[in-house]
Amino acid sequence: MLKIVLDTAGDLPEGWQEKYDIDLIPINIIHGGKTYLQGIDISYEDFYKMVEEEGAIPSTSQPSPHQFIDFYKKIANKDDQVLSIHVTEKLSGTMDSCNQAAKELKGELNITPFDSASGTIMMGMMAKEARVMDRNGKSLQEIINRLEKIREQHRLVFTLDTLKFASMSGRIKLLQAALASLLKVKPIIELKKGELEMGEKVRSRAQSIDLVLDKMEKTFGDQRIIAGVVYARDQQSGVDLLQRVIERFNCEEAIIGELSISLAAHFGPGTLGIGAYPVEE
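Residues numbered from 1 in each chain as written. Predicted model: local features only at pLDDT ≥ 70, side-chain atom pairs only at ≥ 80, totals over all residues. Heavy atoms only, no water.

**A word on the packing of aromatic side chains**
The criterion, for reference: We call Phe, Tyr and Trp rings a pair once their centres come within 6.5 Å, taking the six-membered ring for Trp, and we label the pair stacked below 30 degrees between planes, edge-to-face above 60, and tilted otherwise. Only protein chains enter the accessibility calculation, which uses a 1.4 Å probe. A residue is then buried if its area is under 20% of the maximum for its type, exposed if over 50%, and partly exposed in between. Every helix listed is a DSSP run of H or I at least four residues long, and every strand listed is a run of E at least two residues long, numbered separately from the N terminus.
Scanning the model with the defined rule gives five aromatic pairs in all. Judged by centre distance (6.4 Å) and plane angle (65°), the ring pair of F71 and Y72 falls under edge-to-face. With respect to class, F71 is no different from Y72; both count as buried. Aromatic side chains F158 and F267 sit 5.1 Å apart centroid to centroid with 65° between the ring planes, which places their arrangement in the edge-to-face category. Highlighted residues: F158 in strand β8 (residues 155-159) and F267 in helix α11 (residues 261-267), separated in sequence by 109 residues. With relative accessibility at 3%, the residue F158 sits in the buried group.

**A closer look at unusual backbone geometry**
You will see that D21, though not glycine, has its phi angle at about 50°, which is positive. Structurally, the position occupied by D21 is in the loop between α1 (16-19) and β2 (22-25). The backbone of A117 shows a phi angle near 55°, a positive value even though the residue is not glycine. Along the chain, A117 falls in the loop between β7 (110-115) and α5 (120-135).

**Things to note about the sheet that holds β2**
Convention followed: When DSSP finds at least two bridges between two strands, those strands are taken to pair. Axis definition: a line fitted to C-alpha atoms, limited for helices to the stretch in contact. Angles are taken between N-to-C directions and run from 0 to 180 degrees. Should any heavy atoms of two residues lie within 4.5 Å, those residues are considered in contact.
Taken in spatial order, the four strands of this open sheet run β2-β1-β6-β7, and their pairing is parallel. Strands with a single pairing partner mark the edges of an open sheet, and in this sheet they are β2 and β7. Each adjacent strand pair in this sheet contributes to an overall mean axis angle of 25°, direction not counted. Against the sheet, helix α3 (residues 65-75) engages β1 (2-7), β2, β6 (81-86) and β7, with an angle of about 155° to β2. Where α5 meets the sheet, it contacts β1, β2, β6 and β7, and its direction lies at approximately 175° from that of β1.

**So, the sheet that holds strand β3 (residues 28-31)**
One open sheet holds the three strands; their spatial order is β4-β3-β5, and the pairing between them is antiparallel. Two strands lie at the open edges of the sheet, namely β4 (34-37) and β5 (59-61), each paired on one side alone. Adjacent strand axes in the sheet meet at a mean angle of 35°, parallel and antiparallel pairs treated alike.

**Brief notes about the pairing of strand β10 (residues 195-202)**
For a regular strand, side chains alternate in direction, first toward one face of the sheet and then toward the other. Bridge count between strand β9 (residues 186-192) and β10: six bridges; the pairing is antiparallel. Each bridged residue has a counterpart across the sheet, and for E190 the counterpart in β10 is E197.

**Notes on the pattern of salt bridges**
Close approach of charged atoms allows side chains of opposite charge to pair. Applied cut-off: The salt bridge definition used is simple: a Lys or Arg side-chain nitrogen within 4 Å of an Asp or Glu carboxyl oxygen.
One pass over the full model with this rule turns up 15 salt bridges. Of the charged contacts in the structure, one is a salt bridge between D234 and R205, with a shortest N-O distance of 3.5 Å. Taken together, the positions of D234 in the loop between β11 (224-231) and α10 (235-248) and R205 in helix α9 (residues 205-220) put the pair 29 residues apart, joining distant regions of the chain. In this structure D234 comes out as partly exposed when scored by relative accessible area, which is 24%. Each of the salt bridges in this network shares a partner with another, and the network as a whole consists of D161, K186, R205 and D234.

**Details of the side chain of R146**
With respect to the element layout, R146 can be found in helix α6 (residues 140-153). Setting aside anything within four residues of it in sequence, one finds R146 in contact with E129, M133, Q153, Y277, P278, V279 and E280.

**Considering α5**
For the record, the criterion: Helices are assigned an expected span. That span is 1.5 Å times one less than the residue count.
Taking 1.5 Å of rise per residue, 16 residues should cover 22 Å, and α5 covers 24 Å from first to last C-alpha, within 8% of that figure. Where burial is concerned, most of α5 is hidden: 13 out of the 16 residues are buried. Positive phi shows up at G137, right after α5, with a value of about 85°.

What is shown is where atoms sit, not what they do.
In structure tokens, the structure reads:
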């Protein structure tokens, strides 16, 4: 049996975890000397209330190799294959922990680590694609080949509604240099080759959303695509953006999910993003 693992820097639409049988290993959320596990003992709303009430951003950390080892032993046995899909190694140590655990368990469990070179909704779409292929009888190598192609061809673009969280978190260095003079702008952030890059900066939210859509259109044109919209604490704006994506692009599928706490801690509420990749012909 193929076990598909995703860390919670990845996002899944409601119901996908069960529908596509995806196992989630939680990112650690650290605040006030206590460690919380995303999706287990801290919810999205708990997180935002914590920030509002205390005026501080909880820190985040990757699962340790020991956490990975315990997790793999819990979900898999020696006859299973484990495909473990994770957030870009250029922004997190999660892949390193995964690799260490896989090496330690070699001969006991069959674990294949996979660096998404991405995050959030793109990771969820990769996991779903892997499960669909698995159910269609494809081999693990065929699945990995497809994920590698998605990794090369996808695009993931965000717009932030506020730079307050980035200012408090101190983790996004590319934003730090601009914070002093740009607190009132709406920046475009893009994940390129696994790293965050700051793009254009505009004055209004409407302009920033238009720009995100324009960037996706420039990349994909009328290609048939799988698209995902992600939002942070503003579901209606996410739904509105999803509708614009459906109307504007040639979508085989278009889905929506909420931005993980591990990214919301740095991007903040009101963040909107689109991830997409071409359908395989």
